[in-house]
Amino acid sequence: MPSYKAPLADMRFVLHELFDSKTIAELPGYQDFSPELIDSVLEEASKLCEEVLFPLNQSGDLEGCHYENGVVRTPSGFPEAYNAFRDGGWTAMASSPEYGGQGMPISSSTLVEEMLCSANNAFGLYPGLSHGAYVALSHHGSEELKNTYLPNIVAGKWSGTMCLTEPHCGTDLGLLRTKAVPTDDGAYKLSGNKIFISAGEHDLTENIIHLVLARLPDAPAGVKGISLFVVPKFLVKEDGSLGSRNGVTCTGIEHKMGIKASATCALSFEDAKGWLVGTANKGLAAMFTMMNTERFSVGIQGLGLAEVAYQNAVNYSRERLQGRSLTGVKYPDKPADPIIVHPDVRRMLLTMRAYIEGCRALGGWVARELDVQSHSEDSDAKQAADDFTALLTPIVKAMFTDIGFEVASLAVQCYGGHGYIRDNGMEQYLRDSRISMLYEGTNGVQALDLVGRKLPQDGGRLLSRFLDPVLEFIETHADDDDLEAYITPLQTAVEHLQVATGHIMEVAMGNFDEVGAASVDYLRLFGLVALGFMWAKMAVVSLPKTESFYQAKLGTAKFFMQRMLPQTGALLSAIQSGSETMMAFEDAAF
Ligand SMILES: Cc1cc2nc3c(=O)[nH]c(=O)nc-3n(C[C@H](O)[C@H](O)[C@H](O)COP(=O)(O)OP(=O)(O)OC[C@H]3O[C@@H](n4cnc5c(N)ncnc54)[C@H](O)[C@@H]3O)c2cc1C
């Protein structure tokens, strides 16, 4: 049986020591969130995650969701757990007080999200999608729509969905066919079929508020003709109470590889009543508001699953007795040494740890900038934060989820054959982590977003929001001998990033396939540099301290710098080799 303990010490380190949480509390609207208050919120969240949600993770996977005649039941215990989650105010955590939310900084709520994903990723999707719907509606909805839907979504009485995908259209939303026809009362009637809709139907909330992409009758073809609509499962009466059932039904749920307790639904819209959100034909842009929030959250799913997989791999490696240390018996009182003595097992554990703590720090940096972007009154600071988060969102989404899967796979490896056995729980983490590389835009599409859109945007201004602080940091610490082990490898990796960026910008002019061919390797290279920066910063904080926590940080930082960051060199070579080897290969030869 796996176990989970929220990594509160490391979370506090990122919040308070690596990034000063007091500066977040200085932003308008966040004054109440003192470091002490945030710590107590994290403590409470850890109890809920460890005691209520984690115990339902394996049973939820085994049982899955049930579908019958349009009705979906979540696994046993899920409705009660959701009630506890909602009654504890967790659905309101990161929403505005204007709609009954607690207005918690994103830099804190992200840590709660991480715990949720570690404890029960499939459960976390239900409130996660609702929050995405909240974000899209609060940014783009009319006052009337906001007042009708947001208070109940925030209170967790109603949940939300994101309805983009259709059977013939996933990445290429320009192909979508769902239609919206205006009616005399200013509303619309929607007809069409959506598939793969997470939380599209379930038994956790009284109402489900679908955000649906559809086309108006006179809409231009392609992505320029897509509009966003809000379509409730039950129509809402003037007094706010629930009215008749709307024309949206769940026609089935998917049987899938992982996150089995999350209902992935096929939805049929038949003259379903809906209301336009934002401007006609600008739905994709509005939906992107939600997708960016969701993309960051999906990255955190990768981190959460990596954390729980790592914790169990460490426990197992301490207990499992196999073989003797290569350098002599370490535990003579035992019939064999625990496998944690073996260099290869340590390689796996440290790789997992370096990824996880690096990602937690990087996620903390991005979340902090999201706080600045949403709450600062300084327009320059807001713009800088907007640029930075736009640049880093595809990296967090794609790299963190790739890492989630890699770490889950390493955890299976640490367990040996026992990792492949269901009761031990590791194979579930591997299955559950795989989806996050696909939904919210596949990781290949994230890489294209980074290289094709974010890099060239505004003459490279976005990139400078990342590179400037990194270069400044290197310059500040360049002469510090104690930091040489961290700064020199970082500097080399940054040079690789700069060369790769220059190369892509140059070749992109002549041939866009060059961009496509380089994009995934470039995203990873960029992500590794960002993790390298985080590890160097963590080393600076840890160096003067003697406690074991900080010594472990320094040890992990060295491992990352010496054994993992040098991958940037190989990635640069791959990027520089260009697209020729793939594009010259005849289609028929595959
Ligand atoms: C469990 C689950 C839950 C989901 N939840 C939701 C949800 O709540 N709401 C929703 O709307 N959707 C949801 N989805 C759908 C999900 O977002 C899509 O599956 C995903 O966006 C990919 O679309 P696709 O499956 O059609 O793949 P395709 O678009 O067909 O892509 C297939 C492959 O081709 C690549 N590819 C496609 N186009 C390009 C390109 N231009 N350049 C380079 N490579 C390309 C992709 O990267 C991928 O590797 C969910 C899916 C699953 C499985």
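Residues numbered from 1 in each chain as written. Predicted model: local features only at pLDDT ≥ 70, side-chain atom pairs only at ≥ 80, totals over all residues.

**Notes on the overall build of the chain**
Using the following cut-off: In this text, helices come from DSSP runs of H or I with a minimum length of four residues, and strands from runs of E with a minimum of two, each type numbered from the N-terminal end. The globule rule is 2.2 Å times the number of residues to the power 0.38, and the radius of gyration it is compared with is taken over C-alpha atoms. Exposure classes come from backbone-placed C-beta atoms, where a residue is buried if 20 or more other C-beta atoms lie within 10 Å of its own, exposed if 12 or fewer do, and partly exposed in between. Once C-beta atoms are placed from the backbone, any two residues with those atoms within 7 Å are in contact.
The helix and strand tally for the chain stands at 18 helices and 11 strands. Relative to the globule expectation of 25 Å for 590 residues, the C-alpha radius of gyration of the chain, 24 Å, shows essentially globular dimensions. By principal-axis analysis of the C-alpha atoms, the chain measures approximately 80 × 60 × 60 Å. Burial analysis of the chain (590 residues in total) assigns 51% to the buried set. Long-range contacts, defined as pairs at least 24 residues apart, comprise 75% of the intrachain contacts of the chain with a sequence gap of at least 6.

**Considerations on the site of the ligand**
Keep this limit in mind: For each residue, a C-beta atom is positioned from the backbone; the residue is called near a molecule or strand if that atom sits within 6 Å of it. All amino acids are sorted into three groups, where Ala, Val, Leu, Ile, Met, Phe, Trp, Tyr, Cys and Pro are nonpolar, Asp, Glu, Lys and Arg are charged, and the leftover types, Gly among them, are polar.
In the neighbourhood of the ligand, 19 residues make up the surrounding shell, with Leu164, Gly170, Thr171, Ser198 and Thr442 lying closest. Considering only residue class, the shell around the ligand consists of 10 nonpolar, eight polar and one charged.

**Let's talk about the packing of helix H3 (residues 35–53) against helix H6 (residues 106–140)**
Here is the rule: Every axis corresponds to a line fitted to the C-alpha atoms, with the helix fit spanning only the stretch in contact, and the corresponding angles, defined between N-to-C directions, vary from 0 to 180 degrees. Oblique is the label for any angle not covered by the other classes, which are roughly parallel (under 35 degrees), roughly antiparallel (over 145) and roughly perpendicular (65 to 115).
One way to put it is that H3 packs onto H6 with a least axis distance of 10 Å and a crossing angle of 0°. The angle between H3 and H6 falls in the class roughly parallel. The residues of H6 that touch H3, namely those facing Ile38, Val41, Leu42, Ala45, Ser46, Cys49, Glu50 and Leu53, are Ser108, Leu111, Val112, Met115, Leu116, Ala119, Asn120 and Phe123. Split by residue class, the contact of H3 with H6 holds 12 nonpolar, three polar and one charged.

**Considerations on the domain arrangement of the chain**
Put simply, the test is: Where each domain begins and ends is defined by an automated method or by a domain database.
For the chain, the domain assignment lists domain 1 (8–132), domain 2 (143–283) and domain 3 (452–584). The distance between the C-alpha centroids of domain 2 and domain 3 comes to 40 Å.

**Here's the deal with the packing of H6 against helix H9 (residues 343–375)**
Between two packed helices, the angle of one axis relative to the other and the distance separating the axes together describe the packing. Interhelical geometry of H6 versus H9 gives an angle of 135° and a closest axis separation of 7 Å. With respect to their mutual orientation, H6 and H9 come out oblique. For the pair formed by H6 and H9, the contact residues are Ile106, Ser107 and Thr110 on the first element and Gly363, Gly364, Ala367, Arg368, Leu370 and Asp371 on the second.

**Things to note about unusual backbone geometry**
Even without being a glycine, asparagine 69 presents a positive backbone phi close to 50°. Mapping asparagine 69 onto the fold places it in the loop between strand E1 (66–68) and strand E2 (71–73). The exposure class of asparagine 69 is exposed, given the 6 C-beta atoms found within 10 Å. For glutamate 440, which is not a glycine, the phi torsion comes out positive at approximately 60°. With respect to the secondary-structure elements, glutamate 440 resides in the loop between helix H11 (426–434) and helix H12 (443–454). Taking the number of C-beta atoms within 10 Å as the measure of exposure, glutamate 440 has 27 and is therefore buried.

**Section: helix H14 (residues 484–508)**
Our working definition: Expected span, for any helix, means 1.5 Å times one less than how many residues it has.
Helix length check: H14, at 25 residues, gives a terminal C-alpha distance of 36 Å against a target of 36 Å (1.5 Å per residue), a fit within 8%. Of the positions making up H14, those classed as buried are Tyr486, Ile487, Pro489, Leu490, Ala493, His496, Leu497, Ala500 and Ile504.

**Things to note about the nonpolar core**
Defined as follows: When buried Ala, Val, Leu, Ile, Met, Phe, Trp, Tyr and Cys residues are joined through C-beta atoms within 7 Å, the set is termed a nonpolar core.
If you look at the biggest cluster of nonpolar residues, it comprises 182 residues, and the most contacted ones within it are Phe229, Ala306, Ala309, Val407 and Ala411. Once residues within four sequence positions are removed from consideration, alanine 306 is found in contact with Met352, Tyr355, Ile356, Ile403, Gly404, Val407 and Ala408.

**Side note on the environment of serine 138**
Relative to the assigned elements, serine 138 resides in helix H6. Each C-alpha atom of the pair serine 138 and serine 95 lies 9.5 Å from the other, and the pair is 43 residues apart in sequence. In this structure serine 138 touches Ser96, Lys146 and Leu150, once residues within four positions along its chain are discounted.

**Some points on helix H1 (residues 8–18)**
When we look at burial in H1, the residues that qualify are Asp10, Met11, Phe13, Val14, Leu15 and Leu18. Buried residues along H1 sit against helix H2 (21–25), H3, H6, H9 and helix H15 (512–542).

**Considering the pairing of strand E4 (residues 179–182)**
The criterion, for reference: Strand pairing is assigned whenever DSSP detects at least two bridges linking the two strands.
Bridge count between E4 and strand E5 (residues 188–198): four bridges; the pairing is antiparallel. The partner of alanine 180 across the bridge, within E5, is leucine 190.

**Description of the pairing of strand E3 (residues 158–163)**
With six of six residues buried, E3 is to be regarded as a mostly interior element. The side-chain alternation of E3 yields two buried faces, one formed by Trp158, Gly160 and Met162 and the other by Ser159, Thr161 and Cys163. Sheet topology places E3 next to strand E6 (residues 207–214); six bridges connect them, and they run parallel. From the neighbouring strand, tryptophan 158 faces E6, where its bridge partner is asparagine 207.

**A closer look at the environment of alanine 219**
The residue alanine 219 is located in the loop between E6 and strand E7 (227–232) in this model. Given 17 C-beta atoms within a 10 Å radius, alanine 219 is considered partly exposed. Taking C-alpha positions, alanine 219 is 6.7 Å from asparagine 281, a pair spaced 62 residues apart along the chain. In this structure, alanine 219 is in contact with Gly225 and Asn281, ignoring residues within four places of it in sequence.

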